[in-house]
Structure formats: structure tokens, C-alpha cells
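# Structural features, examined
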Amino acid sequence: MLLVVMFHVFVFSYRGWDFRYNSSYGIFFSTFRMPLFFFISGFIYYKYERRWDMANGFDFIKKKALIQLVPTAVFSLAYIYCFGGMTVDRLYRHIVDFDKSGYWFTIELFIFFIAVTLLRILFQKIRLSLNQECAVFALVILALTSVYTIVPYNYWLESDVRTAIQMNYHRYFIYFLFGCIVKGKFSVVERMFDNKIFTMCLLSVFVIIGLLQIHDTFLPMQQYVLAFTGITVVFSFFRHYSNLFSQQTRMGKVLQYVGRRTLDIYLLHYFFLPYNLQELGQWFSTHINPSTEFFCTLLIASSVIVLCLVSSNVLRVSPLLGKYLFGAK
């Protein structure tokens, strides 16, 4: 969530719409930021022992619609109204817009929930084992990665149709499935992470490909290699230093609290982003100082998150608002 808000500070606050501003940190983090979010979603979603049929699958999707779609509709319409007024043209552009005014993640995640739930209903009808399920997911990942590499998404459909159905975001499905595989085969993954040679190779590939990305040197399937290695490096880091992030530490309590409120922050943070920092962005673009830029952006992003959490707690005073705005139980 920190990476998401930091990236939006780079894009909306520093760059705005007036000039082109690219941050080396923004470019680097963007390669695995959203893949990591979808990976975590898949990891949390997947439970092999859960029994699926059409009845409980439909019930699950109905609950997810209440959590994913209703809040997104409310906050996106509120955002349109607050930043430009509610007009027919703005509503139309919002529907076919590239990023749904920023509110695309929950919609795409809901699509992934439907897709994997239907797959799992099918798997249980034909009685696939855990190993077979993970093997099918791995084959789907391989097939989609190959297709997206050979035929970029922007060649599939006309522009307005493509953006309306979020074609460009469907490629994140592979990371959602990756999270399912890691959760299903977690004991195997743990043994891999405990192998020092594997960890060293993983870190080396991640650093080398990341440096190439920053300096605009591109290799075949580079974005996917960087995304998958970035996910596993972050996952390995938090697993290795899990004691620092437990409920017994102050940092752990803070980060876990932010983690439990990611939906709230995602929905609210667009309202609190400072949209008038283009001069600061211009200063960073002419006075290259990555460390200053990073910590300044981290401070701004942290302040935005604090405002979101305060607003979330105020809204959650009403159980009805908590339920329909954030899916609170």
C-alpha cells in the first residue's frame, strides 16, 4: 500500500499533467508493485481444503461484489463529483477511461475472484488433487505470459473497447494465480527460500534486471522476470525478518494495521493526494538526488495514509457506512 501511494505521489503530485517527470524509484517499483498486490490477493484467497460448488461459489461472489464493487462505485462517483463535477461526458469517459479515474484494482480483482472460483468449482467436480490444481495454474501462467509477450495487449481490440473492459489489466491474472500456487505449495516454497544458493540467485537476477530497467535496457520477457523475482524477494524478506513485523513489535503493529485497512486507503487516498507539487517534481527532475526524493515521497505518502486511516475510522463509526463503504463485518 505504501508503494501504491508513493507511486501516485510521483504520478499525480510531482508530474501532474503539465510536464513529463519520471522517477527512477517510480520506474523500479512499478515493475512489481501491482503484481505484488495481486499475488498477495491470490495468496490470501486460496484455500485448497475449501469445498466449492455452484451454490457456495455464487454466495462467495455475491459477498465479494458487496466488498469490491459497491465501495468502488460510491468512491469513484464521489471523486468525479469533487474533481470536476458530475456531467454525462465525464461519466462516459469514466466508464471507458484507461484507469476508471484510478479505481480499477478492485474491479479487476473481482474479475479474478470469479475466474478462479469457477475454475475451482470445475476442478472439484473432476476431483483434481492439490498438485494437479497447481500444475494447471502454472500452465495457465506460462501460456498467458507467452501470449502477452508475443502479442501485446494493445493489439487485441479497438481502443475504447479495450479500455472499457480493462484488457490491459488482465495480464495481472498470472500474479494472482502465482499467489494461489505459493499458498497451495507453501511447504515446498519455504524449503526453496531456505536454500541459500536459490536466494542468492534470486536476488542477483532481481538486482541485475532492475538496473537494466532503470537504464532503459530491455530484454525479452524482462517485465515478467522482474515482477516474479520482485514478488519473491519481497516475500522472502518479510518471511526472513518476520520477528520484526509481528504483533509484538511497534513496527509490526503499525504495518499490520495498515495492511488490514488497504481497501480503505486505496478508496480514500485519491482525495488526499496533493495535486500541486509539480514545482517540487521539476526540482527533483533537474537536481537528481534519489535519496532525498525517496524520503520526501515516503513522508508525503505516509501523511496521505494517516489522513486516510483517520477518515476511515470516522466513517466506520457508522456500522452501515463501514459495511457498504469498506466491507466491514
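Residues numbered from 1 in each chain as written. Predicted model: local features only at pLDDT ≥ 70, side-chain atom pairs only at ≥ 80, totals over all residues. Heavy atoms only, no water.

### Concerning the overall build of the protein chain
For the record, the criterion: Numbering of helices and strands runs from the N terminus, with a helix taken as a DSSP run of H or I at least four residues long and a strand as a DSSP run of E at least two residues long. Note on classification: 1.4 Å probe, protein chains only; a residue is buried when its accessible area is under 20% of the maximum for its type, exposed when over 50%, partly exposed between these limits. Contact criterion: two residues are considered in contact whenever any of their non-hydrogen atoms come within 4.5 Å of each other. To be clear on the numbers: accessible area is Shrake-Rupley with a 1.4 Å probe, and residue cover counts the displayed protein chains and nothing else.
Counting secondary structure elements, the protein chain contains 17 helices and zero strands. Burial analysis of the protein chain (329 residues in total) assigns 44% to the buried set. Taking contacts inside the protein chain between residues at least 6 apart in sequence as the whole, the part at least 24 apart equals 78%. As displayed, the protein chain offers around 17,800 Å² of accessible surface, 68% of which is attributable to carbon and sulfur atoms.

### Side note on the packing of aromatic side chains
Heads up, the rule is: Between 30 and 60 degrees the pair is tilted, below 30 it is stacked and above 60 it is edge-to-face, where a pair is any two Phe, Tyr or Trp rings, Trp via its six-membered ring, whose centres lie within 6.5 Å. In this scheme, Lys NZ or Arg CZ marks a charge over a ring once it lies within 6 Å of the ring centre and within 35 degrees of the ring normal.
In total, this model carries 53 aromatic pairs according to the counting rule given. For the pair F75 and F326, a centre-to-centre distance of 5.8 Å together with 35° between the ring planes defines the contact as tilted. Placement of F75 in helix α4 (residues 54-82) and of F326 in helix α17 (residues 319-326) is noted, with a sequence separation of 251 residues between them. Since its relative accessible area comes to 7%, F75 is described here as buried. Note on F326: relative accessible area 4%, which makes it buried. Consider the rings of Y103 and Y266, whose centres lie 5.9 Å apart with planes at 80°: the pair is edge-to-face. Of the two residues, Y103 is situated in the loop between α5 (88-96) and α6 (105-125) and Y266 in helix α14 (residues 262-272); the sequence distance between them amounts to 163 residues. When its relative accessible area of 0% is taken as the criterion, Y103 is described as buried. Owing to a relative accessible area of 6%, Y266 belongs among the buried residues under this scheme. Between R33 and the ring centre of F7, over which it is positioned, the NZ or CZ distance is 4.0 Å.

### Quick word on unusual backbone geometry
Apart from glycine, the bulk of residues carry a negative phi angle, and the bulk of peptide bonds sit in the trans form. Although it is not a glycine, R127 adopts a positive phi angle of roughly 60°. Relative to the elements of secondary structure, R127 occurs in the loop between α6 and α7 (130-150). What makes R127 exposed here is its relative accessible area of 75%.

### Section: α4
How we decide: Given a helix with a known number of residues, its expected span is that number minus one, times 1.5 Å. Note on bend: the value at a residue is the angle between axes fitted to the seven residues ending there and to the seven starting there. Within 3.5 Å is the distance limit for a polar contact, defined as a pair of N or O atoms, with the added protein rule that one can donate a hydrogen and the other accept it, and that residues adjacent in sequence qualify only through two side-chain atoms.
Taking 1.5 Å per residue as the helical rise, α4 with its 29 residues ought to reach 42 Å, and the 41 Å between its terminal C-alpha atoms agrees with that figure. Maximal helix bending in α4 amounts to about 30°, located at A65. Listed as buried for α4 are G57, F60, I61, K64, Q68, P71, T72, F75, S76, Y79 and I80. The N-cap of α4, judged by a side-chain oxygen 3.1 Å from the amide nitrogen of A55 a few residues on, is D53.

### Examining helix α3 (residues 33-45)
Side chains that are three or four residues apart share a direction in an α-helix, a result of its 3.6 residues per turn. Between its first and last C-alpha atoms α3 spans 19 Å; for 13 residues at 1.5 Å apiece the expected length is 18 Å, and the two agree. Taking burial as the measure, the 13 residues of α3 include 11 buried ones, the bulk of the element. For α3, the set of buried residues is R33, M34, P35, L36, F37, F38, F39, S41, G42, F43 and Y45.

### Regarding the pattern of salt bridges
Pairing between side chains of opposite charge can happen when the charged atoms of each approach one another. Rule in force here: Here, a salt bridge means any Lys or Arg side-chain nitrogen found within 4 Å of an Asp or Glu carboxyl oxygen.
Tallying each qualifying case throughout the model produces five salt bridges. Across the salt bridge formed by K63 and D59, the nearest N and O atoms sit 3.4 Å from each other. Linking K63 with D59, this pair stays in helix α4, spanning four residues, or about one helical turn. In this structure K63 comes out as exposed when scored by relative accessible area, which is 51%. D59 sits in the partly exposed class, given a relative accessible area of 30%. One salt bridge connects R120 with E133, and the closest N-O pair in it is separated by 3.3 Å. Here the residue R120 occupies a position in helix α6, and E133 occupies one in helix α7, the gap between them amounting to 13 residues. The buried category is assigned to R120, whose relative accessible area is 0%.

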